Amino acid sequence: VDLDRFKQINDTLGHPVGDEILKLAARAMAAQLRASDTIARVGGDEFIIVLEKDVSSYSVSTVARKLVEIFGHPFPVAGRDLYLTASLGIGLFPKDGEDPDTLLRHADLALYKAKELGRNNYQYYEPSLGAGALERMTLENALRTALERRELYLVYQPMYRLSDRRFVGVEALLRWTNPELGDVPPAQFIPGAEEMGFIVELGAWVLREACRQLGAWRLAGCEVPRMAVNLSVHQLEREELVTDVADLLTEWGLHPGELEIEVTESPLLRQSGPAPEVLEGLRQLGVFLAVDDFGTGYSSLSALRQMPVNRLKIDASFVRDIGRDPNDEAIARAIIALAHSLGLETVAEGVERREQAVFLTDAGCDIVQGYFYGRPMRPEEVVGKIVEAN
Ligand code: C2E
Ligand code: MG
Ligand code: MG
C-alpha cells in the first residue's frame, strides 16, 4: 500500500500533520484486518499487508476494496478534514512468487500499475507488468553506459531578440545516439531518466558540458551571450546545486548572467517542486531562470509571482497555429501581456514560419527560437552562424 501524494501533505502542511495522518491511516487499515493478518509500515508512506489464513482471490479483493474505501472518507487532522487516497498492489502466493522477495517485487510492480492508472485503486500482479520494468532497466543500463561511451552530446539552438534581430544566446539540447537504438529523442529517455533517479547525474553532465562549451567559444573569440540549459526539477531539489553551479562558473570563467536555467512549468510551480533555498541561491548568484513550456501545465500565478523567474517560454503548442487559430493567438498575446505585467521577458519557442514571426513581433514578444531562425546545431555550426552574421 502506498499513500498517494503524501509528500505533498508533508510539504504543504508540515511533518507533524504528515505523521498524524500516517497514524490515522495505519489504524484505519488495521481495523479492516483480522487478527491473523499482519500490517507493517516499511518506510515513508508505504505499508505491507500480509493475509495468511483462508485466502482466496475473492477474499483478497474484498479486503483490497475495503482498504481503498477507507480513503474515501476524510481524515480529521489539525482541525480540518484531509482527503487522502492510497494505491495497492497485490501479489498472490505461490502463483506470483514462492519467496518473500519475489512476491514483494511483483506486488510492487502491481502497485506501480495502480499508480499509473490514476492512483486510488488496487491491481493484481500480472507477468506482463514485468515487461515495462525490464524496459526501464535496459534503458537505465544503456543510459549509464551512454555517458561512459560518450554517446551523449549537446546541440545548440540559437535565440534572437525581435526588436533588433540580435543573437542573444543558445539553448543546449541533449542528444543520444546509441549504436543499437539509433537516435533516441530526449522526449523518450528524459522521463525514464527522471523516473529512475538518473536525471541528477545526467543533468549534472549536461550543465558541465554546456558551461565547458560556452567557455570554449569564449576562448575561441566567438561571442555567445547566453547559454540556456534545461534542468529537471529533481536537480533543483538538491541544495548542492547552487555550489555546483557557482563552481562551474568559476571553473570556465563565466559570468552568472550568461547562464540561464530552464525548468518546465508544471513541476516548477507546484508546492512540492524545487527547494526555495535553491531558487533563492541561484537568484543571488545572478543566474537567470526561465519557465519552460509555459501555458501547458499548472499555471499557478501566485506561485509564479513568488519565484525569482526572469523569463517565460511560450510553449510551441501555442505558437504552432498562429496565423490559423485565433484562440492560440489570444493565448500567446495573453501570456506576453501577463509576463510583461510581472516584469518578465517572453521567449516564443517553435517558430517555424514567417507569419508567426510577424505576429510575435507585433504582439511584443521579446525573444524567438525555432526552425525559422535556426535548428539545434553542433558547436562548430554555431560558430559558422555567428561569423556569417558579422
Ligand atoms: P524544450 O526545452 O521545450 O526544447 C524545445 C524543443 O523543441 C526541442 O526538442 C527542440 O529541438 C524543439 N524545437 C525547436 N525549434 C523547433 C521548431 O521550430 N519546431 C519544432 N517542431 N520543434 C522545435 P528536443 O531537443 O527534442 O527536446 C525536447 C525536450 O526534452 C525539451 O523541450 C526539454 O524539455 C527536454 N530536454 C532536452 N534536453 C534536455 C536536458 O539536457 N535536460 C533536461 N532535463 N531536459 C532536456
Ligand atoms: Mg527548454
Ligand atoms: Mg519548451
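Further up the page is the structure itself.
All values reported here derive from a predicted model rather than from experimental measurement.

Caption draft 1: Expanded view of the coordination of the magnesium ion (ligand 3). Within the protein, Asp-292 (OD), Asp-293 (OD), Glu-349 (OE) and Glu-349 (OE) serve as the donor atoms for the magnesium ion (ligand 3), at 2.1 to 2.4 Å. Along the chain, the residues that donate to the magnesium ion (ligand 3) are spaced as D-D-x55-E. The distance between the magnesium ion (ligand 3) and the magnesium ion (ligand 2) comes to 4.2 Å, and Asp-292 binds to both of them. A residue pair is termed long-range when its members are at least 10 positions apart, and Asp-292 in strand S13 (residues 288–294) and Glu-349 in the loop between strand S15 (345–348) and helix H14 (354–363) qualify at 57 residues. Here Asp-292 matches Glu-349 in class, with each residue buried.

Caption draft 2: Up close: the nonpolar core. If you look at the biggest cluster of nonpolar residues, it comprises 77 residues, and the most contacted ones within it are Trp-176, Trp-217, Val-224, Met-227, Leu-312 and Leu-360. Broken down by element, the residue count for this core peaks at eight residues, all from helix H7 (residues 199–219). Not counting the four nearest positions on each side in its chain, Leu-312 is found in contact with Val-291, Phe-294, Leu-304, Ile-335, Leu-338, Ala-339, Leu-344, Glu-345, Thr-346 and Val-347. With 27 residues, the next largest nonpolar core counts Phe-47, Leu-82, Ala-86 and Ile-90 among its residues.

Caption draft 3: Layout of the packing of H7 against helix H8 (residues 240–251). Taken N-terminus to C-terminus, the directions of H7 and H8 make an angle of 25°; their axes are 9 Å apart at the nearest point. In terms of orientation, H7 lies roughly parallel with respect to H8. Pair H7 / H8 crosses with right-handed handedness. Together, Leu-207, Arg-208 and Cys-211 of H7 and Leu-241, Val-245, Leu-248 and Glu-251 of H8 make up the contact between the two elements. In terms of residue class, the contact of H7 with H8 is built from five nonpolar, no polar and two charged.

Caption draft 4: Quick look at the side chain of Glu-260. When you line up the elements, Glu-260 lands in strand S12 (residues 259–264). You can call Glu-260 buried: its relative accessible area is 2%. Polar contacts involving the side chain of Glu-260 include one to the side chain of Arg-311, which spans 2.3 Å. Among all residues touching Glu-260, those that are not within four sequence positions of it are Arg-226, Met-227, Ala-228, Val-229, Phe-288, Ala-290 and Arg-311.

Caption draft 5: Representation of the side chain of Asn-121. With respect to the helices and strands, the residue Asn-121 is situated in the loop between helix H4 (100–116) and strand S7 (122–124). A polar atom in the side chain of Asn-121 sits 2.9 Å from the backbone oxygen of Ala-114.

Caption draft 6: Looking closely at the pattern of salt bridges. Under the criterion given, the structure shown has 24 salt bridges. Residues Arg-149 and Glu-151 are paired through a salt bridge, measuring 3.4 Å at the closest nitrogen-oxygen approach. For Arg-149, a relative accessible area of 52% corresponds to the exposed category. For Glu-151, a relative accessible area of 7% translates into the label buried. Linking Glu-251 and Arg-208 is a salt bridge whose minimum nitrogen-to-oxygen distance equals 2.7 Å. Note that Glu-251 is positioned in helix H8 and Arg-208 in helix H7, a separation of 43 residues in sequence. Judged by its relative accessible area of 44%, Glu-251 falls in the partly exposed class. A residue is classified by how much of its surface remains accessible, and Arg-208, at 36% relative accessible area, is partly exposed. The structure contains a network of salt bridges with shared partners spanning Arg-161, Arg-226, Glu-260, Arg-311 and Glu-345.

Rules and cut-offs
Residues numbered from 1 in each chain as written. Chains lettered and ligands numbered in written order. Predicted model: local features only at pLDDT ≥ 70, side-chain atom pairs only at ≥ 80, totals over all residues. Heavy atoms only, no water. Donors = N, O, S within 2.8 Å, 3.2 Å for Na, K, Ca; no water. Helix = DSSP H or I, 4+ residues; strand = E, 2+ residues; numbered from the N terminus. Buried < 20%, exposed > 50% of the residue type's maximum accessible area, 1.4 Å probe, protein only. Core = buried A, V, L, I, M, F, W, Y, C linked by side-chain atoms within 4.5 Å. Contact = heavy atoms within 4.5 Å. Axes fitted to C-alpha atoms, helices over the stretch in contact; angles between N-to-C directions. Parallel < 35°, antiparallel > 145°, perpendicular 65-115°, else oblique. Left-handed = near helix turned anticlockwise from the far one by under 90°. Nonpolar A, V, L, I, M, F, W, Y, C, P; charged D, E, K, R; others polar. Polar contact = N/O pair within 3.5 Å; in protein donor to acceptor, adjacent residues only side chain to side chain. Salt bridge = Lys/Arg side-chain N within 4 Å of Asp/Glu carboxyl O.

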